[in-house]
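What the coordinates show
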Amino acid sequence: MIELLFVACLSTAPDECRERSLVFTDVSPMQCLMGAQPELAKWTASHPNQEIKSWRCRTVSFAERDT
């Protein structure tokens, strides 16, 4: 599994941020890196009051997702 991990902050309060993630089961780490910006653009389109401050892709095991 590949996780697109990102930090989203409120547009009106840039110091109010939360870590969020999108998990993919059918992509490689390189595909995540290449496709991250379009996925984040879709996410921000459905969350117009949020801004993405940072993001990264990482491999996640099932054990890590259960904790």
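We now turn to the structure provided with this report. (Residues numbered from 1 in each chain as written. Predicted model: local features only at pLDDT ≥ 70, side-chain atom pairs only at ≥ 80, totals over all residues. Heavy atoms only, no water.)

1. Description of the state of the cysteines
Quick reminder of the rule: Cysteine sulfurs are considered disulfide-paired once they come within 2.5 Å of each other. To sort residues, take the accessible area from a 1.4 Å probe on protein chains only and compare it with the maximum for the residue type: under 20% means buried, over 50% means exposed, and anything in between is partly exposed.
Summed over all chains, the structure comprises two disulfides. One disulfide bridge connects Cys-9 with Cys-17, the sulfur atoms lying 1.9 Å from each other. With the S-S dihedral at roughly 100 degrees, the linkage between Cys-9 and Cys-17 falls on the right-handed side. By relative accessible area, Cys-9 is classed as buried at 1%. Exposure remark for Cys-17: the relative accessible area of 38% places this residue in the partly exposed category. Disulfide pairing is shown between Cys-32 and Cys-57; the S-S distance is 2.0 Å. Its S-S torsion of approximately -80 degrees makes the covalent link between Cys-32 and Cys-57 left-handed.

2. Notes on the packing of aromatic side chains
Threshold: Between rings of Phe, Tyr and Trp, where Trp is taken as its six-membered ring, a pair exists when centres lie within 6.5 Å; planes separated by under 30 degrees are stacked, by over 60 edge-to-face, and by other angles tilted. Each helix corresponds to a stretch of at least 4 residues labelled H or I by DSSP, and each strand to a stretch of at least 2 residues labelled E; elements are numbered beginning at the N terminus.
Scanning the entire structure with this criterion turns up one aromatic pair. Taking 5.0 Å as the distance between ring centres and 70 degrees as the angle between the ring planes, the aromatic pair formed by Phe-6 and Trp-43 counts as edge-to-face. Here Trp-43 lies in helix α1 (residues 29–46) and Phe-6 lies in strand β1 (residues 2–10), a separation of 37 residues in the sequence. For Phe-6, a relative accessible area of 1% translates into the label buried.

3. Focus on the sheet that holds β1
Under the convention used in this document: Any two strands with at least two DSSP-identified bridges between them are counted as paired. Lines fitted to the C-alpha atoms define the axes, with helices restricted to the stretch that makes contact. Angles between their N-to-C directions range from 0 to 180 degrees.
On the basis of which strands lie adjacent, the open sheet formed by three strands has the order β2-β1-β3 and antiparallel pairing. Two strands lie at the open edges of the sheet, namely β2 (17–24) and β3 (50–59), each paired on one side alone. On average, each strand axis in the sheet is tilted by 20 degrees relative to the strand beside it, whichever way the strands run. Taken together, the nine bridges between β1 and β3 define a ladder with antiparallel strand orientation. Bridge pairing in β3 places Cys-9 opposite Glu-51.

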